[in-house]
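Coordinate analysis (summary)
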Amino acid sequence: MEFDIYSNWIEIDLEAIRHNIKELQYITKQPVMAVVKANAYGHGLIEVSQAAEAAGATWCGVARLEEAVVLRHAGIRCRILVLGFTPPRRIMEALEEDISLTIYDPEVAHAYAALAQESKTRLRVHVKFDTGMGRLGMYPEEGVEFLQWLYAQPGLELEGIFTHLARADEPDEPTTDQQIDRFQRLIEGLRAYGLRPPWVHAANSAAALYFPKARYGLVRPGIAVYGLHPSEKATLPLRFHPALSWKTRLISVKTLPQGHGVSYGHRYYTSQSERIGVIAAGYADGLRRISNNFALIHAKRVPIVGTVCMDQCMLQLDEVPEAAVGDEVVLIGKQDDVSITAEEVAKLWGTINYEVVCGLAKRLPRIYLNK
Ligand SMILES: *Cc1c(COP(=O)(O)O)cnc(C)c1O
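Reference entry: report on the structure contained in this document.

Definitions and limits used
Residues numbered from 1 in each chain as written. Predicted model: local features only at pLDDT ≥ 70, side-chain atom pairs only at ≥ 80, totals over all residues. Heavy atoms only, no water. Pairing = 2+ DSSP bridges. Helix = DSSP H or I, 4+ residues; strand = E, 2+ residues; numbered from the N terminus. Axes fitted to C-alpha atoms, helices over the stretch in contact; angles between N-to-C directions. Buried < 20%, exposed > 50% of the residue type's maximum accessible area, 1.4 Å probe, protein only. Arc of directions from axis to C-beta. Contact = heavy atoms within 4.5 Å. Salt bridge = Lys/Arg side-chain N within 4 Å of Asp/Glu carboxyl O. Disulfide = S-S within 2.5 Å. Core = buried A, V, L, I, M, F, W, Y, C linked by side-chain atoms within 4.5 Å. Near = heavy atom within 4 Å. Polar contact = N/O pair within 3.5 Å; in protein donor to acceptor, adjacent residues only side chain to side chain. Areas by Shrake-Rupley, 256 points an atom, 1.4 Å probe, with all protein chains shown as cover. Nonpolar A, V, L, I, M, F, W, Y, C, P; charged D, E, K, R; others polar. Phe/Tyr/Trp six-rings, centres within 6.5 Å; stacked < 30°, edge-to-face > 60°.

Quick word on the sheet that holds strand 8 (residues 199–201)
- An order of 2-3-4-5-6-7-8 is seen for the seven strands of this open sheet, with the pairing classed as parallel. Whereas interior strands pair on both sides, the edge strands pair on one side only; in this sheet they are strand 2 (33–35) and strand 8. In this sheet, neighbouring strand axes are inclined to one another by 25 degrees on average, regardless of whether the strands run parallel or antiparallel.
- By the bridge criterion, three bridges tie strand 2 to strand 3 (residues 59–62) in an arrangement that is parallel. Within strand 3, the position partnered with M33 by the bridge is W59.

This is how it looks when you write it as structure tokens:
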């Protein structure tokens, strides 16, 4: 096996990615923009985007222009939207690579318009509206005037409008319906002036699943593509499959005598003679430097003891006498019928599953299954 050569790696099941994309299409009955920013939430930008495209995703959404350029250079043909900021001086790259940009600031828009005028092709843009997120976006009240200005720009092509929802992962909160109402009124207001942007989109994963009204003509899921739950309150249907496993190996086993300190600061002492293993996973791989981590070995849950180091940490192996150097250890994923989910790790770390997977280090080899 390819991964016999690594001591710490990530496995990504591309069949799970394709399956989840198809589920999203089936459930929402809308085209899907696979959100693949941040190295596809740690899963690998190019391979995930290829799988998403193969499964029928019509768009890829990224945060930065450089991510979009990587996708074009890798041969991704679907539409690509940069959801965040693009410096005006880089719009020629967007034009050359046929990448759509987000506009939310009139001054930046004027700079794009002036620069794009000199180009033969028109720069495709999506205007982002702030319907309540309090982040990027123009106010809906500015919509008609701004879009009229935009339509008059020879260098710009209005390809879409969108908004982003602040609390779609809390389906009981009224905020999302209020945001959708504001967006809906904007759409109707624009229509009254004959302004009909081809693509209208609002739904992240949670909204795509829990707020059908927010689906419009395109959904924009990220976390669900990876088979991870948007939140505890907005869980995925059972048919979704997590794509990622994080694995490492036992690289040393010793029996330490009673009262022996373990790792930096000796924050753990053996209370008797104990079997202590070392695994090749540390905080530089994305493992949080906290005291109550755990791992799977021989399909048993075992505690990680002592301070997590940069490249290693220690397992308490008294319950696993058969453990031997070279054994596979799972940090996220399954061994037989035992599993550790990204959600469980997130809870332990006081964060969300998004941060756990985005924090998996670049140095970890990504191994793609079912390519
Ligand atoms: C990240 C992001 C998404 C995807 O959100 P998920 O919660 O991962 O589905 C959608 N739209 C925008 C604008 C985003 O920034």
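Back to the text.
Overview of helix 6 (residues 106–116)
- Residues of helix 6 that are buried: V108, A109, Y112, A113 and A116. One face of helix 6 carries all of its buried residues, which in axial projection span an arc of 140 degrees.
- In this structure, the buried side of helix 6 is in contact with helix 5 (91–96), strand 5 (100–103), strand 6 (123–129), helix 7 (143–151) and strand 7 (156–163).

As for the pattern of salt bridges
- A complete count under the given rule lists 19 salt bridges for this structure.
- Note that K247 and E11 form a salt bridge whose closest N and O atoms lie 3.1 Å from each other. With K247 in strand 9 (residues 244–256) and E11 in strand 1 (residues 8–13), this residue pair connects regions lying 236 residues apart in the sequence. The pair formed by K247 and E11 is uniform in burial state, with each residue classed as buried.
- Between E23 and R239 there is a salt bridge; the shortest N-O distance is 2.8 Å. You can see E23 sitting in helix 1 (residues 14–28) and its partner R239 sitting in the loop between helix 9 (205–210) and strand 9, a full 216 residues away along the chain.
- Judged by its relative accessible area of 11%, E23 falls in the buried class.

Details of the state of the cysteines
- Counted by the stated rule, this structure contains zero disulfides.
- A disulfide-free cysteine, C60 has its sulfur positioned 3.6 Å from the sulfur of C78, the nearest such atom.
- For C60, a relative accessible area of 0% puts it in the buried group.
- C309 takes part in no disulfide bond, and the closest cysteine sulfur to it belongs to C313, at a distance of 7.5 Å.
- Relative accessible area serves as the criterion here: at 11%, C309 is assigned to the buried category.

Examining the nonpolar core
- By size, the foremost hydrophobic cluster in this structure holds 120 residues, and its most contacted members are V36, L123, I161 and W246.
- Not counting residues up to four positions away in its chain, the partners in contact with I161 are V127, F129, L147, F183, L186, I187, L190, P197, W199, V200 and H201.
- Counting six residues, the second-largest nonpolar core is a separate cluster that includes L256, V262, V278 and M314.

Topic: the site of the ligand
- Taken together, 13 residues form the shell around the ligand, and within it K37, Y41, S205, I223 and Y354 come nearest.
- One nitrogen or oxygen atom from the side chain of Y41 is found 2.5 Å from an oxygen atom belonging to the ligand.
- At 2.6 Å from an oxygen atom of the ligand is found a side-chain nitrogen or oxygen belonging to Y354.
- About the coverage of the ligand: the protein hides 92% of its 390 Å² of free accessible area.
- Across the shell around the ligand, the residue classes break down as six nonpolar, four polar and three charged.

Details of the packing of aromatic side chains
- Evaluated as defined, the whole model comprises five aromatic pairs.
- Judged by centre distance (5.2 Å) and plane angle (90 degrees), the ring pair of F183 and Y216 falls under edge-to-face. Taken together, the residues F183 in helix 8 (residues 175–192) and Y216 in the loop between helix 9 and strand 9 connect sequence positions 33 residues apart.
- With relative accessibility at 1%, the residue F183 sits in the buried group.

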